[in-house]
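# Report on the structure
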Amino acid sequence: MPMIRPLPLQEMGEYPFQETFTDLLIPLIIIGLTFVAYYGISYYMKNKIKGTDDYMVAGRTIGPFVNGSAISATWESLATFMGVVALMVTVQIPFLAVWTNFLLSIPLIVILYGQTLRRLGSYTPATFCKDRYGNTMSVVMALLIVFVMLMYALGQFIGLAQIAEILFGWDYTLSLFVIAALVTGYVVIAGMWGVSYNSALQFWIMLTAAFFPMMIVLHQLGSSGWFFPPLGYGDLVPEMEATNPGFFDMTFDTRWYFAMFLAMALGPIGMPHLAQRIFTSRDVEAGRKTVFWFVAVTGLMFATIYSVAFAGVMWLGQEGFEVAEADFDKMIFYLNFAFSGNSITGYVVAGAIAGGLSTVSGHMLAISAAVANDVIEAFELDITEDRKTQAGYASVIAAGLIIALIALNPPAFLVVSILWAFAVSAAAITPVIVLGVWSARVNRYGAIASSVVGFVTVVALSPHAIGGLGAGAEGLTADLGIDAIMIAFPLSILTFVIVSLVAERIDSLNVDPESNRNLINEMHGYPDDDVDRFTSAVPLIVLAVLMLPILWWGIQPW
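What you see as residue numbers is a count from 1 along each chain, following the sequence as written. Local features are withheld for residues below a pLDDT of 70 in this predicted model, meaning they are given only at 70 or higher, and side-chain atom pairs are given and counted only at 80 or more; totals for whole chains, interfaces and linings count all residues. With hydrogens and water stripped out, all remaining heavy atoms of the structure feed into the side-chain values.

## Observations regarding the overall build of the protein chain
Each helix is a run of DSSP H or I of at least 4 residues and each strand a run of E of at least 2, with the numbering of both proceeding from the N terminus. Secondary structure summary: the protein chain contains 23 helices and zero strands in total. Should any heavy atoms of two residues lie within 4.5 Å, those residues are counted as being in contact. A separation threshold of at least 6 residues defines the contact pool for the protein chain, and within that pool the share at least 24 residues apart is 84%. Accessible surface, the protein chain: about 20,600 Å² in total, of which carbon and sulfur atoms supply 65%. Methods summary: accessible areas were calculated by the Shrake-Rupley approach with a probe of 1.4 Å, and residue burial reflects only the protein chains presented.

Structure below.
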């Protein structure tokens, strides 16, 4: 239950504290300098693009520290500064379950399929599906990727446009298209080369924009550990327990936490904009080191942001202020206006913008790869490498325009669209990739059926899609849009296993498990020596049986 009683939506200026800038000069200079740096990096890196491999995965030459920072920035997004803080204020301590599971995703990508897909030279999950399952599944996967990336990017575009609207006083529509042009511009200029180095820079802008201002806030709130915000608010916990005892309650059903694991740990495994980052590593060893840096810097960032929610709740409680629920996502700005003033808040805004730019650029490259690489290969179009690279440029521009047009009239479920995208990915994309890597017994018929069932189930049971249907609990947990994963994920696995094994028995379908053996041996680095590996149906049957109690558990009322 929320510890802050939200007010109805407020008009600007109705709160008894500063809500926006009173002096824009220094904030605009700070933000302008960051954009000069982004475009400068993109222009410099443009000369490195010689073909599709350079444009999509930066020639697979990015080092571990840069790549780990870039993955973190792409992974965190604008929501880290805005929507995540709002959810922390509302969900309170249980929100740690979201981030703990989210943090598992990148190591799982490397462990479950990062190295194997790299050996195949794949850019995206859809490229893998073409090699493993055939053209039809590749097209299905490309469409799923485009859908998930649009869902993910939509909130970023709108959040960036709202920041521009507040900063400049522009009309929302003008703000939206200016942001779309700026983002599209620097992605087109340099592809993954520019995006990787820009994202690494953007991460450190994000971290410093959260870390150093929070030192000031915690110091003025009376914390003795103010110099290290990720842990510095520890001595304020007794006061928080006295004034807001509900903050530390683990109030949700056990299934909510399990659903978080399915959506937030397994969902990102199927996210192409994260997988592409792993593929940019120089080699397998660099990929492992990338994971180390990712976990280290992301943990530092997340712990810092949690101090924002903690401090925001404490500050509002101390001052007796009440805030509209729709304004919770502005908490980091309210805190810095109150304790640090316009100039430092300007840098905080630059950090928020950096988060949005880093994530949207990853989404647009993923969409570009799905269209310019996966669809072209699936339909076996005979075009030159230059034409394919040009198609990549065109699809980035088209993606920016489409997202901007959708954002003009956003869907009602915009606030949780990112979480919903994770649920779709976990149910419709992740099983196809992971089982395809580790079992020769799954096939294209099972893959297509699994993806369709997973996608349709998440959409049908989401409270934001079809009225009257739903899964899981009511209220906040249902509004997050991921409860349906408790049903969709086990159904997807069961469908995948059953359809694949049944298809083997139907002679007219011409399914031969042995035909996949050489490909899977190649993915795992084994020689073509006629040794049976990954060909047993027993692990698949055991997995399917394990899904039955999860499905039953998810169907029961919460």
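From this point, the narrative continues.
## Observations concerning the confidence of the model for the protein chain
On a scale of 0 to 100, pLDDT captures the predictor's confidence in every residue. Confidence in the prediction of the protein chain, expressed as mean pLDDT, is 79, and 80% of residues score 70 or more. When mean pLDDT is compared element by element in the protein chain, helix α21 (residues 485–505) scores highest at 94, while helix α2 (residues 52–57) scores lowest at 50. Scored below 50 in pLDDT, residues 1–13 shows 33 contacts in the model against residues more than four places distant or in partner chains.

## Section: the packing of helix α11 (residues 254–265) against α21
Every axis in this analysis is a line fitted to C-alpha atoms, fitted for helices over the stretch in contact. Angles between the N-to-C directions lie between 0 and 180 degrees. Between α11 and α21, the least distance of the axes is 9 Å, while the angle of their chain directions is 50°. Judged on the interaxial angle alone, α21 and α11 are oblique. Handedness of the crossing formed by α11 with α21: left-handed. Contacts from Arg255, Phe258, Ala259, Leu262 and Ala263 of α11 reach α21 at Ile485, Met486 and Phe489. In this count, Pro and Cys sit with the nonpolar residues alongside Ala, Val, Leu, Ile, Met, Phe, Trp and Tyr, while Asp, Glu, Lys and Arg are called charged and the others, Gly among them, polar. Of the residues assigned to the contact of α11 with α21, the class counts are seven nonpolar, no polar and one charged. Orientation is classified from the angle alone, with under 35 degrees giving roughly parallel, over 145 giving roughly antiparallel, 65 to 115 giving roughly perpendicular, and any other angle giving oblique. Take the far helix as the reference: if the near one is turned anticlockwise from it by less than a right angle, the crossing is left-handed, and if turned clockwise, right-handed.

## What about the packing of aromatic side chains?
Each pair of aromatic rings taken from Phe, Tyr and Trp, with Trp reduced to its six-membered ring, is defined by centres within 6.5 Å and is described as stacked if the planes are under 30 degrees apart, edge-to-face if over 60, and tilted in the remaining cases. What the rule picks out here adds up to 24 aromatic pairs. Taking 5.6 Å as the distance between ring centres and 75° as the angle between the ring planes, the aromatic pair formed by tryptophan 315 and phenylalanine 321 counts as edge-to-face. By the burial criterion, tryptophan 315 is buried, and phenylalanine 321 matches it. In textbook terms, an aromatic cluster arises when at least three aromatic residues are bridged by ring pairs, as seen for Tyr15, Phe17, Trp315, Phe321, Tyr334 and Phe339. Our definition puts a charge over a ring when NZ of Lys or CZ of Arg is within 6 Å of the ring centre and also within 35 degrees of the ring normal. Taking the ring centre of tyrosine 526 as reference, the NZ or CZ of arginine 533 above it sits at 4.2 Å. Working definition: with a 1.4 Å probe on protein chains only, accessible area under 20% of the residue-type maximum means buried, over 50% means exposed, and in between means partly exposed.

## With respect to the pattern of salt bridges
Salt bridges are defined by distance alone: a side-chain nitrogen of Lys or Arg within 4 Å of a carboxyl oxygen of Asp or Glu. Applying the stated criterion across every chain, the model contains one salt bridge. Between arginine 441 and glutamate 504 there is a salt bridge; the shortest N-O distance is 2.8 Å. Remark: glutamate 504 occurs in helix α21 and arginine 441 occurs in the loop between α18 (430–438) and α19 (444–461); sequence separation between them is 63 residues. Residue arginine 441 shares its accessibility class with glutamate 504, and that shared class is buried.

## Looking at the environment of aspartate 530
Looking at the element boundaries, aspartate 530 is found in the loop between α22 (517–523) and α23 (538–555). Given the relative accessible area of 55%, aspartate 530 is considered exposed. Between the C-alpha atoms of aspartate 530 and glutamate 514, which are 16 residues apart in sequence, the distance is 9.8 Å.

## Some words on the packing of α21 against α23
The description of two packed helices rests on the angle between their axes and on the distance between the axes. Between α21 and α23, the least distance of the axes is 8 Å, while the angle of their chain directions is 150°. Regarding the angle of α21 to α23, the classification is roughly antiparallel. Helix-helix and strand crossings are classified by hand; for α21 and α23 the assignment is left-handed. Between α21, through Met486, Ile487, Phe489, Pro490, Leu491, Ile493, Leu494, Val497 and Leu501, and α23, the contact on the second element is made entirely by Leu540, Ile541, Leu543, Ala544, Met547, Leu548, Ile550, Leu551, Trp553, Gly554 and Ile555. Among the residues forming the contact of α21 with α23, the class breakdown is 19 nonpolar, one polar and no charged.

## Here's the deal with α23
Here a helix's expected span is defined as the number of its residues, less one, multiplied by 1.5 Å. For α23, spanning 18 residues, the distance from its first C-alpha to its last is 26 Å, which sits close to the expected 26 Å at 1.5 Å a residue. Turning to α23, its buried residues number three or more, namely Leu540, Ala544, Met547, Ile550, Leu551 and Gly554. Where α23 is buried, its residues contact α11, α18 and α21.

## Here we look at α11
The end-to-end C-alpha distance of α11 is 16 Å, a good match for the 16 Å that twelve residues give at a rise of 1.5 Å each. Along α11, the residues that are buried comprise Arg255, Trp256, Ala259, Met260, Leu262, Ala263, Met264 and Ala265.

## A few points about a nonpolar patch on the surface
Patch building starts from residues that exceed 30% relative accessible area and form no salt bridge, then joins like charges within 9 Å and nonpolar side chains (Val, Leu, Ile, Met, Phe, Trp, Tyr) within 5 Å. Nonpolar side chains collect at one region of the surface, where Leu25, Ile26, Ile29 and Leu33 lie side by side and expose about 400 Å² of accessible area between them. Secondary-structure assignment places isoleucine 26 in helix α1 (residues 25–46).

## Things to note about the environment of threonine 173
With respect to the element layout, threonine 173 can be found in helix α8 (residues 172–221). A sequence separation of 232 residues divides threonine 173 from leucine 405, and the C-alpha atoms of the two residues are 9.5 Å apart.

## Brief notes about unusual backbone geometry
Located in the positive-phi region is asparagine 510, a residue other than glycine, with phi close to 55°. For asparagine 510, the position within the fold is in the loop between α21 and α22. Although it is not a glycine, phenylalanine 534 adopts a positive phi angle of roughly 60°. Note on placement: phenylalanine 534 falls in the loop between α22 and α23.

## Details of the side chain of arginine 533
Inspection of the secondary structure puts arginine 533 in the loop between α22 and α23. Residue classification places arginine 533 among the buried positions, given a relative accessible area of 17%. One polar contact links arginine 533 to asparagine 521, side chain to side chain, over a distance of 3.5 Å. For arginine 533, the residues in contact, after removing those within four places along its chain, are Asn521, Tyr526 and Pro527. Two N or O atoms count as a polar contact when they lie within 3.5 Å, although within protein this holds only if one can serve as hydrogen donor and the other as acceptor, and sequence-adjacent residues are included solely when both atoms are side-chain atoms.

## Describing the side chain of threonine 184
Position of threonine 184 among the secondary structure elements: in helix α8. Here alanine 180 takes part through its backbone oxygen, which lies 2.7 Å from a polar atom of the side chain of threonine 184. When neighbours within four sequence positions are excluded, threonine 184 is seen to be in contact with Met364, Val396, Ile397 and Gly400.

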